[in-house]
Amino acid sequence: GQQLNQSPQSMFIQEGEDVSMNCTSSSIFNTWLWYKQDPGEGPVLLIALYKAGELTSNGRLTAQFGITRKDSFLNISASIPSDVGIYFCAGQLDGNQFYFGTGTSLTVIP
Amino acid sequence: DVKVTQSSRYLVKRTGEKVFLECVQDMDHENMFWYRQDPGLGLRLIYFSYDVKMKEKGDIPEGYSVSREKKERFSLILESASTNQTSMYLCASSFKRESYEQYFGPGTRLTVT
């Protein structure tokens with residue numbers, strides 16, 4: 001299967017700080033998605049990106065589809081305690097199968 | 001709201017046992033998926049299904065089988081559980097073949113001793 005590398009693997013930040021994480025692949029993807037998984041729950045879709053260069057926001061979250069189509073970035077501004085969780089990127093080649101990244105675990109210290 | 005439910009949140013089984021994990025979705029979605037989630041490896045696709053009685057292998061199907069007799073239900077079967085199948089199992093569904101958004105269940109944490 002495809003390998004999507006996410007970094008950093010984990011982050012510990014103070015409340016109010018901004019957060020950046022990214023996802024890279026050796027393959028070109030047609031769609032990039034970002035999910036968040038709260039503790040004890042399944043992942044929930046945050047943002048979907050459909051074309052190279054696209055920049056999309058959802059509240060304090062902003063994600064970008066990399067120009068090369070091999071990467072994507074997620075930024076969270078002014079973090080709050082409920083941002084805690086694991087963030088996953090997912091990329092789609094052709095068809096309906098998505099490949100998920102390894103996840104970034106975010107801890108926000110009040 | 002879309003609801004994807006999984007039969008158990010926690011399950012403990014012995015090596016060699018046959019294990020059934022059940023998943024039900026209530027939104028008439030065509031597609032259903034089974035993933036396993038392991039630390040440092042993210043989510044890996046085991047099997048998926050686009051329709052009743054239809055199944056396709058994902059990236060790690062070995063040691064697993066699936067059954068989809070009804071549109072709303074997708075079962076994952078471990079024929080003979082092994083300790084390396086200890087993991088979090090997540091079921092997901094999506095509306096139709098070309099849909100990008102998957103809705104996930106809460107997961108089943110399976111421990112095989």
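Being a predicted model, the structure only gives us computed values, none of them experimental. (Residues numbered from 1 in each chain as written. Chains lettered and ligands numbered in written order. Predicted model: local features only at pLDDT ≥ 70, side-chain atom pairs only at ≥ 80, totals over all residues. Heavy atoms only, no water.)

What about the environment of Leu93 of chain A?
Residue and element names in this part refer to chain A.
- With respect to the element layout, Leu93 can be found in the loop between strand 9 (85-92) and strand 10 (98-100).
- For Leu93 and Asn5, which are 88 residues apart along the polypeptide, the C-alpha to C-alpha distance reads 16 Å.
- With residues near it in sequence (within four places) discarded, Leu93 still touches Gln2, Ser27, Ile28, Phe29, Asn30 and Tyr99. (Helix = DSSP H or I, 4+ residues; strand = E, 2+ residues; numbered from the N terminus. Contact = heavy atoms within 4.5 Å.)

Regarding the packing of aromatic side chains
- This model, assessed by the stated rule, comprises 11 aromatic pairs over all chains.
- Aromatic pair Phe100 of chain A and Tyr35 of chain B: ring centres 5.3 Å apart, planes at 80°, arrangement edge-to-face. A residue pair is termed interchain when its members come from two chains, as with Phe100 of chain A in strand 10 and Tyr35 of chain B in strand 4 (residues 31-38). Both residues of the pair, Phe100 of chain A and Tyr35 of chain B, belong to the buried class.
- Each residue in the set Tyr35 and Phe100 of chain A together with Phe33, Tyr35, Phe48, Tyr50 and Phe104 of chain B is aromatic and connected to the rest through ring pairs, giving one cluster. (Phe/Tyr/Trp six-rings, centres within 6.5 Å; stacked < 30°, edge-to-face > 60°. Buried < 20%, exposed > 50% of the residue type's maximum accessible area, 1.4 Å probe, protein only.)

Here we look at the interface of chain B and chain A
- Contact with chain B, which involves 24 residues of that partner, is made by 21 residues of chain A.
- Taken together, both faces of the contact between chain B and chain A bury some 1700 Å²; the carbon and sulfur share is 51%.
- Of all residues in chain B, Leu43, Tyr100 and Phe104 of chain B give up the largest surface area on contact with chain A, accounting jointly for 32% of the area buried on that side.
- The tally of links between chain B and chain A comes to 4 residue pairs in polar contact (both at pLDDT 80 or more).
- Only strand 4, strand 5 (42-49) and strand 9 (87-94) of chain B provide two or more residues apiece to the side of chain B that touches chain A.
- Class assignment of the residues belonging to the side of chain B that touches chain A gives a composition of 11 nonpolar, 8 polar and 5 charged. (Buried area = accessible area lost by both parts, 1.4 Å probe. Polar contact = N/O pair within 3.5 Å; in protein donor to acceptor, adjacent residues only side chain to side chain. Nonpolar A, V, L, I, M, F, W, Y, C, P; charged D, E, K, R; others polar.)

Keep in mind these numbers describe shape, not what the thing actually does.
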